[in-house]
Amino acid sequence: MFLSEQSAAEQRIIDYFKKLNLPIDSVQWNWIPFSGQWGISTSFFQAAALEARQKGTGGNVGQRANEMAAEVAKEMFESDGSLLIGFEKVEAVKAYLNLYFSTSSYANRVVDTVLAEKEQFGRSPRNHQRVMVEFSQPNTHKAFHVGHLRNVILGNSVCNILDSAGYDVIRANYIGDIGLHVIKWLWNYLTYHKGEEPGEDRYRWMTDLYTEADRRYNDDPEAEPQVRALFARWDARDPELVKLWEQTRQWSLEGFDQIYKTLGVPFDHYYYESEVEESGKVYVEEMIKKGIARDERPDGAVIVPLDELAGTKEKYRVLVILRSDGTSLYSTKDLPLAVKKFEMFHLDKSVYVIDVRQSLYMQQIYKTLELMGYDFAKKCYHLAYEIVNLPGNVTMSSRDGTVVLLEDLINEATSRALQIVKEKNPDLSPKDQETVARMVALGGIKYSMLSRDNTKIVTFDWETALTFEGQAAPYIQYAFVRANSILRKAGQQIPAEGKGDFELSPQEVQLIDLISRFSNEVTRAAAEYKPMMVANYAFSLAQAFNDFYNVCPVLTAETPVRDFRLRLTAAARQAISNSLSLLGIDCPEVM
Ligand code: ARG
């Protein structure tokens, strides 16, 4: 907000540094906590310290910084004695320069900006940095269960936030369509279900068969050699097997598409493990030649002795990159995948959204890339997240069949939300009730995954996820609905004019203040890949709107106040919706 005013002030400071021969070309601004006036400030300690170092005189840095602040304060005036446009007051206090905006013009500018920019409000200018975010990465032939949910929701939100903060974002998926799990599935099918076709719910059938395959594989001592033999047939690309693989893989992929549609999550590019499996093996050979990998076959596997090569101790340990029987592993494929990403898209950053339990593994991959001489290794970043615990301590492994399919969770959330919506708004048509319930249900699930730091475990429970009283999506969505209902009662006519030139109440100030910080919050969240910051922000905004709603009459106020408050209500509605949309959450019109 107020970037042009800020950069005009900044330019004068930089010019001042130039006169002193100080090579400083940017200024660090901070917001001054609101106390009747909005303002920004910057300190001169660093400049004074730099000057002392340049001159080699030492001297009193603090005192010099004071002087600088006082001198710069004078630079903020025009030749006719007026203050730089947009500002109302300037002061130099203890080495700090404080610049204050005029309160009413600030308030009006915030509201005007939101209403003019609408969905674009909060978005930063493009920074021409290209980031790929790889997320979701489900495995075909297996269930897409609640355990995968946090990944998709987090990845999607990180993409939205980066995009809003100015990055050019590529949303990538990386589907595990080959590997031991797939071969196991095919083995079970060929041995016990040959020729069977799934019914209507193909996807569920696929996942049920996976549970069965896994159980048999673990219980039956005959299974392992048979599966291994089948893997060899795959490696030889046996046409019959490839055909079966293609068909069954497709059923899973269709199931995933459906899930992404339900969740409202788009992708720009899909990678598949099958497309990097063979090139992975070529890399392995190269690495053996280069002396990076050690071939211990047939007794052992092909390994990269990372600690030995990096001169570290129990930090990177040893990475296995090919099984002793020559079949591929995750690691075999991750190396060519990384290269492919950078070659295809010339990335400035490559983010991997992956479970925290794979942290060592990801560091091993990045280190291996570095040892192979790829400069881009340092542009790779593992965005780790913790697991989700479900009510009743249901674990989520596809092994024991206790997985909760995503579909089931969403259905349950929707029916619970429907109960609440029916109570709250019995006059709504059943169709609208259903639509609203779905938005509330999905919002509730998404918000509970995003409002917690990604490195902390989420313990999911219905009460918390679907509450209208505390920090949860329904509470925030409800604030949107309230704002909307005021505007509806005013005939959805947002007055074109309406200046906040009267004495603003603390609730108005608080709300305006928060709205004006939106873009800043998004930038911060993008820098740290933390949607939680936006989740917290959206909640504060909803709280601030509710405080305003409870204290400041809108529709019954007199004209200039009424018009301003209607505009502020519309601005708040927009800001709430924009912040929730970064979390992938929709707002219902009514509730
Ligand atoms: N599909 C894998 C799994 O489910 C995760 C892949 C993560 N991405 C990667 N580049 N290794 O465990």
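Whatever comes next refers back to the structure up there.
Within every chain, residues take consecutive numbers counted from 1 along the sequence as written. Owing to the predicted nature of the model, reporting of local features is limited to residues with pLDDT of at least 70; listing and counting of side-chain atom pairs is limited to 80 or more, with chain, interface and lining totals taken over all residues. Side-chain metrics in this entry use all non-hydrogen atoms of the structure; hydrogen atoms and water are not considered.

Close contacts around the ligand come from Glu 134, Gln 137, Asn 139, Tyr 174, Glu 273, Tyr 330, Asp 334, Leu 337, Tyr 352, Ile 354 and Gln 358, and that covers them all. Pairing of N or O atoms within 3.5 Å defines a polar contact, subject to two protein rules: one partner must be a possible hydrogen donor and the other a possible acceptor, and residues neighboring in sequence count only if both atoms are side-chain atoms. The side chain of Glu 134 places a nitrogen or oxygen atom 2.8 Å from a nitrogen atom of the ligand. Interatomic distance of 2.8 Å between a side-chain N/O atom of Asn 139 and a nitrogen atom of the ligand. Protein contact buries 89% of the 340 Å² of open area that the ligand shows by itself. Breaking the shell around the ligand down by element, the ones donating at least two residues are helix H12 (330-345) and strand S11 (349-355). The way it works is that DSSP assigns letters per residue, a run of H or I at least four long becomes a helix, a run of E at least two long becomes a strand, and they are numbered from the N terminus. With three residues, the single largest contributor to the shell around the ligand is H12. Residues belonging to the shell around the ligand are distributed by class as follows: five nonpolar, three polar and three charged. Residues are labelled near a given molecule or strand when at least one of their non-hydrogen atoms is within 4 Å of it. What sets the accessible areas is the Shrake-Rupley method with a 1.4 Å probe; for residues, cover comes only from the shown protein chains. Any residue that is not Ala, Val, Leu, Ile, Met, Phe, Trp, Tyr, Cys, Pro, Asp, Glu, Lys or Arg is counted as polar, Gly included; the first ten are nonpolar and the last four charged.

Glancing now at the packing of helix H8 (residues 223-235) against helix H9 (residues 239-263). Each axis is a line fitted through C-alpha atoms, and for a helix only the stretch in contact is used; angles between axes span 0 to 180 degrees, taken between their N-to-C directions. Axis separation between H8 and H9 bottoms out at 8 Å; the angle between their running directions is 95°. Here H9 runs roughly perpendicular to H8, going by the angle between their axes. For the pair formed by H8 and H9, the contact residues are Leu 230, Arg 233 and Trp 234 on the first element and Glu 240, Leu 241, Val 242 and Trp 245 on the second. Across the contact of H8 with H9, the residue classes tally to five nonpolar, no polar and two charged. In these notes the angle categories are as follows: under 35 degrees is roughly parallel, over 145 is roughly antiparallel, 65 to 115 is roughly perpendicular, and the rest is oblique. Contact between two residues is taken to exist if any of their heavy atoms lie within 4.5 Å; hydrogens are not considered.

Read across the open sheet, the five strands follow the order S7-S6-S5-S11-S12; overall the sheet is parallel. A strand with exactly one partner marks an edge of an open sheet, and here the two such strands are strand S7 (269-272) and strand S12 (380-385). Pairwise comparison of adjacent strand axes, ignoring direction, gives a mean angle of 25° for this sheet. Bridge count between strand S6 (residues 168-175) and S7: four bridges; the pairing is parallel. Bridged to Tyr 174 within S7 is Tyr 271. Strand pairing follows a simple DSSP-based rule, namely that at least 2 bridges must link the two strands.

Let us now look at the packing of aromatic side chains. For any pair of aromatic rings, the description rests on two quantities: the centre-to-centre distance and the angle between the ring planes. Note on ring pairs: Phe, Tyr and Trp rings are taken, using the six-membered ring of Trp, and paired if centres are within 6.5 Å. Classes follow the plane angle, with under 30 degrees stacked, over 60 edge-to-face and the rest tilted. Counted by the stated rule, this structure contains 34 aromatic pairs. Aromatic pair Phe 87 and Phe 101: ring centres 5.0 Å apart, planes at 25°, arrangement stacked. Here Phe 101 lies in strand S4 (residues 96-101) and Phe 87 lies in strand S3 (residues 87-93), a separation of 14 residues in the sequence. Measuring from ring centre to ring centre gives 5.4 Å for Phe 518 and Tyr 537, while their planes differ by 15°; the resulting arrangement is stacked. Of this pair, Phe 518 sits in helix H19 (residues 518-528) while Tyr 537 sits in helix H20 (residues 531-551), and the two are 19 residues apart along the sequence. Of the two residues examined, Phe 518 and Tyr 537, each falls in the buried class. Through a chain of ring-to-ring contacts, the aromatic side chains of Phe 135, Phe 144, Tyr 203, Phe 256, Tyr 260, Phe 267, Tyr 270 and Tyr 272 assemble into a single cluster. Over a ring means this: the NZ of a Lys or the CZ of an Arg is within 6 Å of the ring centre and within 35 degrees of the ring normal. A cation over an aromatic ring shows up here: Arg 216 above the ring of Tyr 192, its NZ or CZ 3.6 Å from the ring centre. Buried residues are those whose accessible area, probed at 1.4 Å on protein chains only, stays under 20% of the maximum for their type, while exposed residues exceed 50% and partly exposed ones sit between those limits.

A separate point is the environment of Leu 50. Checked against the element boundaries, Leu 50 lands in helix H2 (residues 45-55). Each C-alpha atom, one on Leu 50 and one on Val 61, is 9.2 Å from the other, the two residues being 11 residues apart in sequence. Not counting the four nearest positions on each side in its chain, Leu 50 is found in contact with Leu 22, Pro 23 and Ile 24.

All right, on to the environment of Asp 348 then. Along the chain, Asp 348 turns up in the loop between H12 and S11. By relative accessible area, which is 30% here, Asp 348 ends up partly exposed. Between the C-alpha atoms of Asp 348 and Glu 434, which are 86 residues apart in sequence, the distance is 43 Å. In this structure Asp 348 touches His 128, Gln 129, Arg 130 and Lys 379, once residues within four positions along its chain are discounted. One polar contact links the side chain of Asp 348 to the main-chain amide nitrogen of Arg 130, over a distance of 2.7 Å.

Residues belong to one nonpolar core when they are buried, are Ala, Val, Leu, Ile, Met, Phe, Trp, Tyr or Cys, and are joined through side-chain atoms within 4.5 Å. Met 76, Val 133 and Ile 515 are the most contacted members of the largest nonpolar core, which has 136 residues in total. Tallying contributions element by element places H20 first for this core, with 11 residues. Residues within four places of Val 133 in sequence aside, it is in contact with Gly 155, Val 158, Cys 159, Leu 162, Val 169, Ile 170, Arg 171, Ala 172, Val 351 and Val 353. Core analysis: the next-biggest nonpolar cluster, separate from the first, contains 36 residues, Tyr 174, Leu 347, Leu 369 and Met 372 among them.

Moving on, we get to the pattern of salt bridges. The term salt bridge refers to a side-chain nitrogen of Lys or Arg lying within 4 Å of a carboxyl oxygen of Asp or Glu. Taken as a whole, this structure holds 39 salt bridges when the rule is applied. A salt bridge links Arg 109 to Glu 5, with the nearest nitrogen and oxygen atoms 2.8 Å apart. A residue pair is termed long-range when its members are at least 10 positions apart, and Arg 109 in helix H4 (residues 103-117) and Glu 5 in helix H1 (residues 3-19) qualify at 104 residues. The exposure class assigned to Glu 5 is buried, which follows from its relative accessible area of 8%. Arg 249 is paired through a salt bridge with Asp 177; the nearest N and O atoms lie 2.8 Å apart. On the criterion of sequence distance, the pair formed by Arg 249 in helix H9 and Asp 177 in the loop between S6 and helix H6 (180-192) is long-range, its members being 72 residues apart. Judged by relative accessible area, Asp 177 falls into the buried class, the value being 0%. One connected set of salt bridges, linked through shared partners, spans Glu 51, Lys 55, Arg 64 and Glu 67.

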